[in-house]
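Here's the letter readout for the chains.
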Amino acid sequence: MRNKFLTYFILVVGAVVFAYPFIWMVFATFKPEFEISNLYPLSKNMSFKNYSVVFGKIPILRAFFNSLFVSLSITFSVIIFGSIVGYALSRLNFYGRDFILMLILFTMMIPFQITLIPTYVLIVKLGLVDTYAGLILPGMMSSFSILIFRQFFLTIPASLIESARLDGCNNFQIVFKIIIPLSKPAVVTVGILTFMSSWNEVLWPLIVIRNEKLMTMPQLVTIFVLGGQAESQLGVQLACATLLALPIVIAYLFFQRYFIESMATTGLKE
Amino acid sequence: MKNFIVLILTLFFISCASDVDKNFKKRFENETPKRVHLKYWCSANPQEIELAKKLTEKWNELHPDIQVEVQPLPAGQSSEEILLAAIAGGTTPDVCSNIWPGAIAEYVKAGGLVRLDEFEDFDSVISARKIPRDLLESFRSSDGHFYQFPWKTNPILLLYNVKIFKEAGVEKPPVTYSEFFSVCEKIKNLKIGVYPGYTDTRPIWWQRFFDFYPLYISASGGKTFFKNGELKIDTISAEKVFNFFKTCFERNYFPITNFQVDPFLTGKIAMRFTGPWTISYLERNKPSDFEYSFAPIPVPDDYRGEVYTYGDPKNIAIFSSTKHKKEAWEFVKFLISEEADLLLLEICNQLPIRGDLLENQKFENYFNRNQKMKMFARQSAFTRGVDEAPEMKEIFDAISHEFEACSVYGAKSEREAVRNLVKRIKVILEWSK
Amino acid sequence: MVKVRRSENRSGYLMVLPYAVYFLVFVAYPLIFSFVLIFHRWNIVTPMEFISLKNFVRLFRDELFFKSIINTLIFLSIHIPLQIVVALFFANLLNQNVKLRGFFRALYFLPVVVSGVVVTILWQQLYAYETGLINQILSNSGLRKIPWLISPELAMPSIAIMATWKNVGLYIVLFLAGLQSIPRELYEVAEIDGASGLQKFFKITLPLLNPTIVLVVVLSTIGGFSLFIEPYIMTGGGPMNSTLSAMLYIYNQAFYFNHMGYAATLGFFFATIIFIVVFLQRKFIEREVY
């Protein structure tokens, strides 16, 4: 049917529009400077020269590990604390529970624009500028994740929890031994969302970190591209961008489904 | 799974602890009298890093009891932010050699710098360098003291492509604005795709050091913006400079674009305003038959006298957080010694701030091998820096906005632009009081 | 009813304690401190100076700040409609019986995952005037080159287009999920009644999709108000301040010029505007879905 053909045609055009720029970029990083602007990706003079410049000039590998460490720490912290608090809010009854819940909702409504600068001042006063702690601590907990966990935990049958309690488990054991294993979808969702957003975060590191050795990957690439070190060599800039994109794209290739589903469920939950 | 969590948390606490541990070590190390450790920050520029490394290696050999660790300033949009943040965060080094005089006022206000004229031999060391009087005075702070040691300067000159000039029939580099325009006209008619000149049009405040500011200094005969702490812009010269660039953009002598690949090397532009640091870059990257040379920057047609320019001076300072003032001063003296100055010339192609460059025998060999640098050396006596006023960054930011609106996009007249500029600077100054 | 046990109280408090501490340190303190900072002048290094309402006086005379807010609003007014139209379009296509739906969906989603820094560097090459890819395609086809990032009128729209390219994958996914939750029977009934494609779209699809649309609008608005890294890298706020977003201006005031008190005031004012806009949006766009 003609309609079908049209549909597929548009979809393919869309695919090209969304994917070809990346393909072009990757191939451009292997080309010598004067050939980069060519539309056609391949060239006769491919080499790794641009990458060797990048590795020689900036500690990009170190930045990669910085990002990895910071993002993993934040993700684990958000999952652990998020599930603890989410459990308490969904399964325990205590005086003031609803008040805390309101606080959390309130926090979510506050635009970061107003807290950005005072938080930076706080970090300076605590002496945490240019430290990993300065990057990790403000992101350690996420109201959004607490709500996701709470929502999910509400669906866990009370009988399971009761029987665990009868077996003598305290609340912490209940969370770690029973609730979390049963909440894979929520954990995955929160994990992926948190990891992705902390990995791509660049404004906060720009503010808090000045020492090149501690910079996260997006931050290092930003500064390299904006400063004079790249000596306006286009291939080197693109090589940087490619290296920055690589980790998350690889993760995406393997965990695609989880990425997409996580984002989709947050939409529906709203 | 649990073990993984424990592992991550442990790693996290270890990293936090190692920060605490580092502070402990620092304090402990600096208290033992055996070895003195100094931290020295240099610019992020690759040649300067090489120079700094060589100098500190030499020093460390000669002074096993005073060890210096060199670290390049983290690269970013400007090192002034970084230094001010370091003063705020208490992470300053002992010595830094990338001090921009325009920011000295802020550093001094924050109490971050050591008074250099406290040291007994300061006067003799300074006079040995034979710096021209008015240039030296421009580095003295408003309280009468010296917080910076004059180190290097990079006079801005006109760089031009010799081949393109020959092809276009240009016999000698232009001296006045009119001559400049006629050179541009000849080059423009030469062939498509070659622009006579170029300057980065992005409204980033330090870009103006390579277009507006040098030409303002030359048009006004060596004036800056302030005199005796008061705002005294030479508005007529400022208007002339705005008009100069406006003409260049209007007649398409300068393209309005951001080149991603170096346009001078690829022959896309014939002229550019730049400093001596470009020489090592050009030498390393130029195609084999490339020829270039330098000339003083153009002046208005009715100008008479010496041609002044912007010198982009960078100086050395000792931070007040240092625990070893004397040793730091010794190191600074080493950094400005004749041997170090020679290395500055050899490795970075940048000029030490001294008046005897062309007379001193030690440098003769270098200048004979680098004839192009002679022009810079001669110009170095006729340079100006920036005033030591608060909010210099914001002032240049304001200049950038007016430059963009008036010269690049032709959206307002020069008179309006200068009037706006003066108004805005007054507001900036008022807000800083 | 659940009996409240004493031990449960204790457990509850213990478990919520970490959040309470975090809230006090990273939410309450900054909020309160920002109210203090608003009335002072400070550059972090020298002591704070109390200047009462001067920051507000300065704000209301600050043409550049208001321009930055207008720039941000211009960005949103292009970005949001464009996003909704494109996302709805592709989601509709994918909603039909298409093979490889997962493949297309994953491909469209790719730019969402990648850092904004990468996208900006890449698009700087697409948009470059002389050598950029887009202008090359145009001039090869005999058309004139477009000054994407150089013209003060086109610069912000260009950034809006880039932002749409980056984010639309997410909204395609959201719309797709929304579309798939609409029961088929509704369409079948409408067809029996003789409804055309367009009628079906406007009378069934859109109203039922309303919650998703609201979500998309609110998410893009909040994201759009945070516009920072793209102008920071691509244009530095130019040309002629046309791409100076509010966040970029606040960042410059705080971390370039070290006007902490003034920047906090700007942040406070800006946050208030965001509140109002989101509130208005919900009021006008949200409809009951029954």
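Just so it is clear, the model here is predicted, and its values are computed rather than measured.

Rules of the game
- Residues numbered from 1 in each chain as written.
- Chains lettered and ligands numbered in written order.
- Predicted model: local features only at pLDDT ≥ 70, side-chain atom pairs only at ≥ 80, totals over all residues.
- Helix = DSSP H or I, 4+ residues; strand = E, 2+ residues; numbered from the N terminus.
- Rg over C-alpha atoms; globule rule 2.2 N^0.38 Å.
- Buried ≥ 20, exposed ≤ 12 C-beta atoms within 10 Å, placed from the backbone.
- Contact = placed C-beta atoms within 7 Å.
- Nonpolar A, V, L, I, M, F, W, Y, C, P; charged D, E, K, R; others polar.
- Domains from an automatic or database assignment.
- pLDDT = per-residue confidence, 0-100.
- Axes fitted to C-alpha atoms, helices over the stretch in contact; angles between N-to-C directions.
- Parallel < 35°, antiparallel > 145°, perpendicular 65-115°, else oblique.
- Left-handed = near helix turned anticlockwise from the far one by under 90°.
- Pairing = 2+ DSSP bridges.
- Core = buried A, V, L, I, M, F, W, Y, C linked by C-beta atoms within 7 Å.

The next point concerns the overall build of chain A. Across its full length, chain A carries 13 helices and zero strands. Counting helices and strands in the order they occur from the N terminus, chain A gives α-α-α-α-α-α-α-α-α-α-α-α-α. Over its C-alpha atoms chain A spans a radius of gyration of 23 Å, topping by over 25% the 18 Å that the globule rule assigns to 270 residues. When the backbone C-alpha atoms are referred to their principal axes, chain A occupies close to 70 × 65 × 35 Å. Counting only residues that meet the buried cut, chain A has 51% of its 270 residues in that class. In chain A, the proportion of contacts linking residues at least 24 apart, taken out of those at least 6 apart, comes to 75%.

A separate point is the interface of chain C and chain A. By a widespread convention, an interface's size corresponds to the accessible area lost as its parts come together. Taken together, the 68 residues of chain C in the interface contact 67 residues of chain A. Per-class residue counts for the side of chain C that touches chain A are 55 nonpolar, 11 polar and two charged.

Right, let's talk about the domain arrangement of chain B for a bit. Residues and elements named next belong to chain B. Segmentation of chain B into domains returns domain 1 (28-147 + 314-352) and domain 2 (157-311 + 387-431). Counting residues at the interface gives 15 residues for domain 1, matched by 11 residues for domain 2. Among the elements that take part in the side of domain 1 that touches domain 2, helix H4 (residues 101-109) stands out by supplying six residues, more than any other. Residues of the side of domain 1 that touches domain 2, tallied by class, amount to six nonpolar, seven polar and two charged.

A residue-level look at chain A finds 94% of positions with pLDDT of 70 or above and a mean pLDDT of 83. No element of chain A has a lower mean pLDDT than helix H9 (residues 171-182) of chain A, at 78, and none a higher one than helix H6 (residues 132-136) of chain A, at 92.

Moving on, we get to the packing of helix H4 (residues 97-109) of chain A against helix H7 (residues 143-153) of chain A. Residue and element names in this part refer to chain A. Contact geometry of H4 with H7 gives a least axis separation of 9 Å together with a crossing angle of 135°. One finds that H4 runs oblique with respect to H7. Where H4 crosses over H7, the handedness of that crossing is left-handed. Of H7, the residues touching H4 (which contributes Ile-104, Thr-107 and Met-108) are Ser-143, Phe-144, Ile-146 and Leu-147. For the contact of H4 with H7, the per-class residue count stands at five nonpolar, two polar and no charged.

Turning next to the sheet that holds strand E5 (residues 157-161) of chain B. Residues and elements named next belong to chain B. Strand order in this open sheet of three strands is E8-E5-E9, and the pairing throughout is antiparallel. Of all strands in the sheet, those bounded by a partner on one side alone are strand E8 (271-274) and strand E9 (292-295). On average, each strand axis in the sheet is inclined to that of its neighbour by 30°, with strand direction left out of account. Relative to E9, E5 runs antiparallel, the two being bridged by four bridges. The residue of E9 that forms the bridge with Asn-161 is Tyr-292.

What follows covers the pairing of E5 of chain B. Residues and elements named next belong to chain B. When you tally the buried positions in E5, you get five out of five residues, the bulk of the element. Pairing analysis gives four bridges linking E5 to E8, with the strands arranged antiparallel. The residue of E8 that forms the bridge with Leu-157 is Thr-274.

Residue and element names in this part refer to chain A. We note that the domain assignment places domain 1 (2-47) and domain 2 (57-269) within chain A. Taking the mean C-alpha position of each, domain 1 and domain 2 sit 33 Å from one another. Between domain 1 and domain 2, the contact holds seven residues from the first and seven residues from the second. Here the residues of the side of domain 1 that touches domain 2 sort into four nonpolar, one polar and two charged.

Mapped onto the secondary structure, Pro-152 of chain C falls in the loop between helix H6 (133-140) and helix H7 (155-180). Pro-152 of chain C sits 28 residues away from Gln-124 of chain C along the chain, and the two C-alpha atoms are 16 Å apart. The contact partners of Pro-152 of chain C, leaving out residues within four places of it in the chain, are Tyr-409 of chain B together with Pro-239, Met-240 and Ser-242 of chain C.

What follows concerns the nonpolar core. Judged by nonpolar contacts, the single largest core of 168 residues is most densely connected at Cys-240 and Ala-241 of chain A together with Ile-172 of chain C. Broken down by element, the residue count for this core peaks at 15 residues, all from H7 of chain C. Mapped onto the domain boundaries, this core takes at least three residues apiece from domain 1 (2-47) and domain 2 (57-269) of chain A. With residues near it in sequence (within four places) discarded, Cys-240 of chain A still touches Val-54, Val-221, Phe-224 and Val-225 of chain A.

Residue and element names in this part refer to chain B. Put simply, helix H13 (residues 338-348) and helix H14 (residues 361-369) touch, their axes get as near as 10 Å, and they point 10° apart. Of the possible angle classes, the one that applies to H13 and H14 is roughly parallel. Each of Glu-338, Leu-342, Leu-345 and Glu-346 in H13 lies in contact with H14, whose residues at this interface are Lys-362, Phe-363 and Tyr-366. Taken together, the residues that form the contact of H13 with H14 break down as four nonpolar, no polar and three charged.

Right, let's get into the environment of Asn-161 of chain B. Residues and elements named next belong to chain B. When you line up the elements, Asn-161 lands in strand E5. On the basis of neighbour counts, which here come to 23 C-beta atoms within 10 Å, the residue Asn-161 falls in the buried class. With 25 residues separating them along the chain, Asn-161 and Leu-136 place their C-alpha atoms 34 Å apart. Excluding its chain neighbours within four sequence positions, the residues that come into contact with Asn-161 are Phe-264, Gly-267, Ala-270 and Tyr-292.

Residues and elements named next belong to chain B. Across the sheet, six strands lie side by side as E2-E1-E3-E11-E4-E12; this open sheet has mixed pairing. Lying at the two open borders of the sheet, with one neighbouring strand each, are strand E2 (66-72) and strand E12 (351-352). Alignment of strand E1 (residues 36-42) against E2, held across seven bridges, turns out to be parallel. Bridged to Leu-38 within E2 is Val-68.

Let's shift gears to H7 of chain A. Buried residues dominate H7 of chain A, accounting for nine of its 11 residues. When H7 of chain A is considered as a whole, its buried residues turn out to be Ser-143, Ser-145, Ile-146, Leu-147, Ile-148, Phe-149, Arg-150, Phe-152 and Phe-153 of chain A.

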